[in-house]
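# A closer look at the structure
Each chain, letter by letter, is given below.
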Amino acid sequence: MNEQIRAREVRLVGPEGEQVGIVPLERALQLAADVDLDLVEVAPMARPPVCKLMDFGKFKYESALKAREARRNQQQTVIKEMKLRPKIDPHDYETKKGHVVRFLKAGDKVKVTIMFRGREQSRPELGFRLLRRLSEEISELGFVEASPKQDGRNMIMVLAPHRATKVAAAATAAASARPPREPREGEAAEAAPADSTAE
């Protein structure tokens, strides 16, 4: 930028994007000073390097704003975890399944872990059967993103919400973030006489 540019001549681009042409560096710096702008190297590897007349402080500020806006619009992916045992009690299974359903409805992914102990490790089919049953029962809300696989004493499967479920979750979150509704004129008018009679 400005005096840090080492090339003897540059291809100059004006503040509105217009092509000025190839000019000596001194001339480019003089033009930048005349219009109170910075001379910024935008393509240093070109021959000759391409420089543009711009307000560098404003450019950095706008770039930071765009980056912040992009981060705000970026959806945060949350992975919830649910742990089960291969010989889980039916009531406990229903409770845990309810949690999985709630997580998927909220638009979150769910990592389901089956924990094997002792001799259970020699019966991985129990875990596969349980995970397949769970994936079938929640198929309306989500799908299997990562198939069940053994990882030491555990078996892991990842469930992700369907696109429609995610959209519905985002809409619900947006609706709950709205401020409370202001009373209508009719509602305020009805309340007024009640207050006056109390006096």
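Details of the structure are given in the entry above.
Here we summarise the structure given alongside this text. All values reported here derive from a predicted model rather than from experimental measurement.

The rules we used
- Residues numbered from 1 in each chain as written.
- Predicted model: local features only at pLDDT ≥ 70, side-chain atom pairs only at ≥ 80, totals over all residues.
- Heavy atoms only, no water.
- Salt bridge = Lys/Arg side-chain N within 4 Å of Asp/Glu carboxyl O.
- Helix = DSSP H or I, 4+ residues; strand = E, 2+ residues; numbered from the N terminus.
- Buried < 20%, exposed > 50% of the residue type's maximum accessible area, 1.4 Å probe, protein only.
- Contact = heavy atoms within 4.5 Å.
- Polar contact = N/O pair within 3.5 Å; in protein donor to acceptor, adjacent residues only side chain to side chain.
- Pairing = 2+ DSSP bridges.
- Axes fitted to C-alpha atoms, helices over the stretch in contact; angles between N-to-C directions.

Using the criterion set out here, one finds six salt bridges in the structure. Between Arg85 and Glu120 there is a salt bridge, with its nearest N and O atoms 2.9 Å apart. Taken together, the residues span a long stretch of sequence, with Arg85 in the loop between β5 (79-84) and α3 (90-105) and Glu120 in the loop between β6 (109-115) and α4 (124-137) at a distance of 35 residues. Take Glu120: its relative accessible area is 12%, and that puts it in the buried class. For the salt bridge of Glu94 with Lys97, the shortest nitrogen-to-oxygen distance reads 3.5 Å. Taken together, the positions of Glu94 and Lys97, both in helix α3 and three residues apart, correspond to about one turn of that helix.

Our next topic: the environment of Glu81. For Glu81, the location among the structural elements is in strand β5. The spatial distance from the C-alpha of Glu81 to the C-alpha of Val110 is 5.5 Å, given a sequence separation of 29 residues. Dropping the residues within four chain positions of it, Glu81 is found in contact with Lys111 and Thr113. In terms of polar contacts, Glu81 uses its side chain to reach the side chain of Thr113, at 3.0 Å.

The strands that make up a sheet are held in pairs by hydrogen bonds between backbone atoms, and each pair lies either parallel or antiparallel. Reading across the sheet, the four strands line up as β2-β1-β4-β3 and stay open at both edges, with mixed pairing between neighbours. Each having just a single partner strand, β2 (19-24) and β3 (38-43) make up the two edges of the open sheet. Across the sheet, the mean angle separating the axes of adjacent strands is 35° when strand polarity is ignored. Relative to β2, strand β1 (residues 9-13) runs antiparallel, the two being bridged by five bridges. Bridging across to β2, Leu12 finds its partner in Gly21. This element, helix α1 (residues 25-34), spans β1, β2, β3 and β4 (50-54) of the sheet and lies at about 125° to β2.

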